[in-house]
Amino acid sequence: MEPTKCQNKFKRDSARGFTLVEMMVTLAVFSLIMITVAGLFSRALLAHRVILARSQMLGESSYNLEHIGRGLRMAKKSPDGSCLSAKGLNFEKTARGGVKFQNLNSSGTTDCVEYYLGHPGGDYGANGALMESRANAERSFDLPLTSPAVDVVSLAVYDYGWAQNDDLQPRTTIHIRIRGRQNQTMDHQITISQRDLDIEE
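Predicted model only: the values in this text are computed from it and were never measured.

Reading the values: the criteria
- Residues numbered from 1 in each chain as written.
- Predicted model: local features only at pLDDT ≥ 70, side-chain atom pairs only at ≥ 80, totals over all residues.
- Heavy atoms only, no water.
- Helix = DSSP H or I, 4+ residues; strand = E, 2+ residues; numbered from the N terminus.
- Rg over C-alpha atoms; globule rule 2.2 N^0.38 Å.
- Buried < 20%, exposed > 50% of the residue type's maximum accessible area, 1.4 Å probe, protein only.
- Contact = heavy atoms within 4.5 Å.
- Lys, Arg positive; Asp, Glu negative; His and termini not counted.
- Charge placed at Lys NZ, Arg CZ, Asp CG, Glu CD.
- Pairing = 2+ DSSP bridges.
- Disulfide = S-S within 2.5 Å.
- Core = buried A, V, L, I, M, F, W, Y, C linked by side-chain atoms within 4.5 Å.
- Patch = residues over 30% accessible without salt bridge, like charges linked within 9 Å, V, L, I, M, F, W, Y side chains within 5 Å.
- Areas by Shrake-Rupley, 256 points an atom, 1.4 Å probe, with all protein chains shown as cover.
- Salt bridge = Lys/Arg side-chain N within 4 Å of Asp/Glu carboxyl O.

Participant: Explain the overall build of the chain here, please?
Facilitator: Helix and strand counts for the chain come out as two helices and eight strands. Here the C-alpha atoms of the chain give a radius of gyration of 33 Å, more than 25% beyond the 17 Å that 2.2 N^0.38 yields for 201 residues. Its C-alpha atoms put the chain at 125 × 35 × 30 Å along the principal axes. Considering the chain as a whole, with its 201 residues, one finds that 34% of them fall into the buried category. Sequence-distant contacts in the chain: of pairs separated by 6 or more residues, those separated by 24 or more amount to 46%. Separation of charge centres in the chain, based on 23 positive and 22 negative side chains, amounts to 15 Å.

Here it is in structure tokens:
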């Protein structure tokens, strides 16, 4: 039986393959899909980096403010003027914009402690860091509390009831602003009241 004209035409068209226009349209659609997927992946990666940077900032600021708060809570009244400027003081603001007080260390001796904003250099570059200074009769040191991954932009110390004649229990507020790897900033604050009663001597 002879094939019809319609069947012959169908066989010829199906053997022909894709035209150049069809190939270009297919490539354009595929390229758009790939660009969209790459953009979504890039945004997800950036969001992940931002979340990690915020998590690190929050972790460092929380841990270090808790460390500073523990020191402030356990501060002892100055028995003489060796650490603070006058006998009987609990806390004192320093020239470096920090706070200074006396505290017992693990060996039972008294340390003169200061927390301040410093620029250690080295791995920190131009970044600021929360610094802890400790000094006693045997040794003294200054060491950064925050890592080079964060930049401590500012440190503010607010006093309440530090005077010896105000009948108020000493309270200290520490406020810090830090900047992370993704250039976001975060403010963190803690207010601590001294554990020992402030009794005038």
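Participant: Help me out: how do you make sense of the pairing of strand E3 (residues 110-118) in this one?
Facilitator: Burial analysis of E3 places seven of its nine residues in the buried class, the great majority of the element. Sheet analysis places strand E2 (residues 99-104) next to E3, joined by six bridges and oriented antiparallel. If you follow Phe-101 over to E3, its bridge partner there is Val-113. Counting the residues that bridge the hairpin from E2 to E3 gives five residues, and of these Gly-108 lies at a positive phi of roughly 90°. Pairing geometry for E3 and strand E4 (residues 129-135), over seven bridges, is antiparallel. Bridging from a neighbouring strand, Tyr-115 pairs with Glu-132 of E4.

Participant: I tried to follow the state of the cysteines on my own but got confused; where do I start?
Facilitator: According to the stated counting rule, one finds one disulfide in the structure shown. Covalently, Cys-83 is tied to Cys-112 through a disulfide, its sulfur atoms 2.0 Å apart. Here the disulfide of Cys-83 and Cys-112 is right-handed, its torsion about the S-S bond being about 70°. A residue pair is termed long-range when its members are at least 10 positions apart, and Cys-83 in the loop between helix H2 (20-73) and strand E1 (92-93) and Cys-112 in strand E3 qualify at 29 residues.

Participant: When you look at the nonpolar core in this model, what are you seeing that I'm missing?
Facilitator: Formed by 23 residues in total, the largest nonpolar core has its most connected members in Ile-68, Leu-72, Val-99 and Ile-174. Counting only elements with at least two residues in this core, the list comes to H2, E2, E3, strand E6 (151-160), strand E7 (171-179) and strand E8 (185-193). When residues in this core are grouped by element, the largest group, four residues, is from H2. Each residue touching Leu-72, except ones within four places of it in the same chain, is listed here: Phe-91, Val-99, Phe-101, Thr-172, Ile-174, Ile-192 and Gln-194.

Participant: What should I look at first to understand a nonpolar patch on the surface in this one?
Facilitator: A cluster of nonpolar residues, Val-21, Val-25, Val-29, Ile-33 and Val-37, forms a patch on the protein surface that exposes about 440 Å² of accessible area. The topology assignment puts Val-37 in helix H2.

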